[in-house]
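Okay, here's what each chain looks like letter by letter:
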Amino acid sequence: MEPLLILLVIPAIAFMMLRADSIRVNGLDPETRDYYRKLLPLIAIIVSLLGVLFLFLGLRNIQDFEISYENFALMMARLSLGAGLLYLAWKALQLSKHTEEEDLPLQVIVRRDIEATSARTVAILFILLPLVLPSLVLLSTIGFIPILVYGFSAFPKRYVQNQLLWTLSLAAKNDMDMASEVYSLANSMNAERQSGRTLAMKIAGSLSIVFLVPMFYRARARKRMIEQLFQLSSALYDGVPLATALSLQPNLLPPEIIGAVEAATATGDVGTVLSKIALEHSRQLENRTTIGRTSENSAAYTAMIVLMTCNVVAFIMYWIIPKFKAIFQDFGVELPQITQTWISISDFMMSYWYLAGPIMFLPMVPFLLGAMMMLDDSTWLPSYLLRMFPRIEAPMLLRRLGYVAGSNMHLQPSLLSLASATPDFARSRRFERLENRLQLGDSLGNSLQDEGFVNAREAHSIDYSSKMGHLGWALVSIANSMQQRRMDRSRWTMEFIRPAVFILLACVVASFCIALFLPLVKLLNELS
């Protein structure tokens, strides 16, 4: 009964809630929107009943006095699922109170957006629940492959972006043809690529597939970027404006840079803005090269060690220990407690093998959190995550506004451009609210703080810098400070986690060896 509820009933109800919320917002007429809003409490009641059921099943495991890994794992899984369902029911009740009203205060609008975002996120997680276990099993068993590919095939995209920014900056300041300069840059990169391909073909026969696959991805990334440079050059030759030509090439440059170029084009000060952007980008690149790359390599190395160790231990638990258990039972050897513990873990994995993936995936959580802290590009993150945590994309927004403010231009057009270029409706409304508040005369710092981009101290610094006339410098400095703090936290986290992980793995291996060899020594002594 439980597998049917988890794999079919709960995802179906979560989908119904997501669909009802979508029609509540985007219905054709007020009657339809109000009908589906009133349907949400009924869905909340059904979800809460399921949550109470799983909580009851989990509490019933607590009454079982038999202490075993199987009972503990089932108890934690049922209690977690029940708590998650109750949280989903509470979010559905919150959405049912979102009536259509005009002239709502800004704080209420922001609160409703956050509630709707968190409710949709939880509903999506329950819809994907049937895919969670298989995906975690695959990630825990072959998860080291993408880490290895990333480590060997990481294409230095930021270096090419830096070259492109300086090329455009020098061309704009010296009144040179940008199309010709970009074409020359693409030609030089293409020549380097051809020579690199010849060298790679010579050594390909002596390398294994582990290294050939990353080399292939690296070559594909380089080729793709060269093609984008040629397309950018062709667009500039055809008379397309620089900002438009850059926006036609996805991921060639970050969106904050394209927005600053677009705003500078309106005032004819593209050369100055590009020079400031190129200089700031060079500073970030130097900082990331000296600090960030070391942290990334350390995290990737430790994650690979953890994954490979977990896979080896899982193989031994599933394949080796049952054979030792049969040998010990045949000879009637009295097993020590540590050996019985490992045999109990092995029996649990044999019975509930589908939980092995999530259990083995748990050691990867600190490394994923550390990788998220090192992010300086939030464009690839899911939109619902950016809606829930707007501070993730705060450096991008502050740099974009800083580049515009540093050129003594108004911020409202840049915010409108960002709102129109953002496909996600909730995030687009957030940027539109910022533009409306600035248009009404509100301070930039308070507006950013109300939307969750900056804290009170940063908001005060932004408002004070605006009064003193160096708003652009302050915005870029705060963005750099945010990114630097993330990298520092990530580096410190890795420094603490790495030795702790190795010590834990050493303890696991030591206890495993002791558990297997103690009965063997005892058996040999009895036989002799």
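If you're wondering where the values come from, they're calculated on a predicted model, not measured in any experiment.

Enquirer: How do you make sense of the overall build of the chain when you look at a structure like this?
Expert: Scanning the chain from N- to C-terminus turns up 22 helices and zero strands. Scored against the burial criterion, the 528 residues of the chain give a buried share of 43%. For the chain, long-range pairs separated by at least 24 residues make up 73% of all intrachain contacts whose partners lie at least 6 apart in sequence. Just so you have it, the chain exposes about 28300 Å², and 66% of that area is on carbon and sulfur atoms.

Enquirer: In this structure, what is going on with the pattern of salt bridges? I would like to understand it.
Expert: As a working rule, side chains carrying opposite charge can pair if their charged atoms are close by. Enumeration according to the criterion identifies ten salt bridges in this entry. Across the pair Arg433 and Glu451 runs a salt bridge, and its minimum N-O distance is 2.9 Å. Of this pair, Arg433 sits in helix α19 (residues 425–439) while Glu451 sits in the loop between α20 (444–450) and α21 (456–468), placing them 18 residues apart in sequence. Residue class for Arg433 comes out buried when judged on its relative accessible area of 10%. Each of Asp21, Arg24 and Arg120 takes part in a single network of salt bridges with overlapping partners.

Enquirer: Teacher, can you tell me more about the layout of surface pockets here?
Expert: Empty pockets left among the atoms are what a rolling probe the size of a water molecule brings to light. Estimated volume of the second largest pocket: approximately 820 Å³. Surrounding the second largest pocket, 28 residues form its lining, Arg24, Val25, Arg120, Phe425 and Arg429 being those nearest its centre. Of all the secondary-structure elements, those providing two or more residues to the lining of the second largest pocket are α1 (2–26), α2 (30–63), α4 (106–127) and α19. Here the residues of the lining of the second largest pocket are counted per class, giving eight nonpolar, five polar and 15 charged.

Enquirer: How should the side chain of Glu458 be read in this particular structure?
Expert: Inspection of the secondary structure puts Glu458 in helix α21. Only 2.9 Å separates the side chain of Glu458 from the side chain of Arg391, close enough to count as a polar contact.

Enquirer: Whenever I open this one, α21 confuses me. Can you help?
Expert: Since one α-helical turn is 3.6 residues long, residues separated by three or four positions face the same way. Taking 1.5 Å of rise per residue, the 13 residues of α21 would be expected to cover 18 Å, and the 18 Å separating its terminal C-alpha atoms lies within 8% of that figure. Where α21 is concerned, the buried positions are Glu458, Ala459, Ile462, Asp463 and Ser465. For α21, the arc enclosing every buried residue in end-on projection is 165 degrees, short of the 170-degree limit, so these residues lie on one face. Among the exposed residues of α21, those pointing more than 90 degrees away from its buried face are Arg457, His460, Lys467 and Met468. On the buried face of α21, the contacting elements are α17 (394–406), α20 and α22 (471–527).

Enquirer: Looking at this structure, I do not really get the environment of Arg391. What am I missing?
Expert: Within the element layout of this structure, Arg391 appears in the loop between α16 (383–388) and α17. What makes Arg391 partly exposed here is its relative accessible area of 28%. Once the C-alpha coordinates of Arg391 and Gln449 are considered, the two residues, 58 residues apart in sequence, prove to be 9.9 Å apart. The contacts of Arg391, once residues within four sequence positions are left out, are Gly452, Phe453, Val454, Asn455, Glu458, Met482, Arg485 and Arg486.

Enquirer: Explain the packing of aromatic side chains here, please?
Expert: Aromatic rings considered in pairs are described by the distance between their centres and by the relative angle of their planes. Counted according to the given criterion, the structure contains four aromatic pairs. Consider the rings of Tyr35 and Tyr36, whose centres lie 5.3 Å apart with planes at 85 degrees: the pair is edge-to-face. Relative accessible area serves as the criterion here: at 52%, Tyr35 is assigned to the exposed category. On the basis of relative accessibility, which here comes to 24%, the residue Tyr36 falls in the partly exposed class. Ring centres of Tyr183 and Phe230 lie 5.5 Å apart, and the angle between their planes is 70 degrees; this geometry places the pair in the edge-to-face category. Pair noted here: Tyr183 is in helix α8 (residues 178–203) and Phe230 is in helix α9 (residues 209–237), with a separation of 47 residues, a long-range link. Owing to a relative accessible area of 23%, Phe230 belongs among the partly exposed residues under this scheme.

Enquirer: Sorry, what's going on with the side chain of Arg24 here?
Expert: Mapped onto the secondary structure, Arg24 falls in helix α1. When neighbours within four sequence positions are excluded, Arg24 is seen to be in contact with Arg33, Tyr36, Arg37, Leu40, Leu95, His98 and Arg120.

Enquirer: Is there a simple way to think about α17 in this case?
Expert: An ideal rise of 1.5 Å per residue puts 18 Å on 13 residues; α17 measures up with 18 Å between its terminal C-alpha atoms. With twelve of 13 residues buried, α17 lies mostly within the body of the structure. Restricting attention to buried positions, one finds in α17 the residues Ala394, Pro395, Met396, Leu397, Leu398, Arg399, Arg400, Leu401, Gly402, Tyr403, Val404 and Ala405. Residue Asn408 follows α17 closely and has a positive phi angle near 60 degrees.

Enquirer: Just to check I follow, could you spell out the environment of Ser481 for this structure?
Expert: Along the chain, Ser481 falls in helix α22. Along the backbone, Ser481 and Pro395 are 86 residues apart, and their C-alpha atoms lie at a distance of 8.8 Å. For Ser481, the side chain forms a polar contact with the side chain of Arg485, separated by 2.8 Å.

So, how was this worked out
- Residues numbered from 1 in each chain as written.
- Predicted model: local features only at pLDDT ≥ 70, side-chain atom pairs only at ≥ 80, totals over all residues.
- Heavy atoms only, no water.
- Helix = DSSP H or I, 4+ residues; strand = E, 2+ residues; numbered from the N terminus.
- Buried < 20%, exposed > 50% of the residue type's maximum accessible area, 1.4 Å probe, protein only.
- Contact = heavy atoms within 4.5 Å.
- Areas by Shrake-Rupley, 256 points an atom, 1.4 Å probe, with all protein chains shown as cover.
- Salt bridge = Lys/Arg side-chain N within 4 Å of Asp/Glu carboxyl O.
- 1 Å grid on protein atoms, 1.4 Å probe; cavity = no way out; pocket = protein on both sides within 12 Å on 5 of 7 lines; lining within 4 Å.
- Points joined across faces, edges and corners; volume = space filled by probe spheres on them.
- Nonpolar A, V, L, I, M, F, W, Y, C, P; charged D, E, K, R; others polar.
- Polar contact = N/O pair within 3.5 Å; in protein donor to acceptor, adjacent residues only side chain to side chain.
- Expected span 1.5 Å × (residues − 1).
- Arc of directions from axis to C-beta.
- Phe/Tyr/Trp six-rings, centres within 6.5 Å; stacked < 30°, edge-to-face > 60°.

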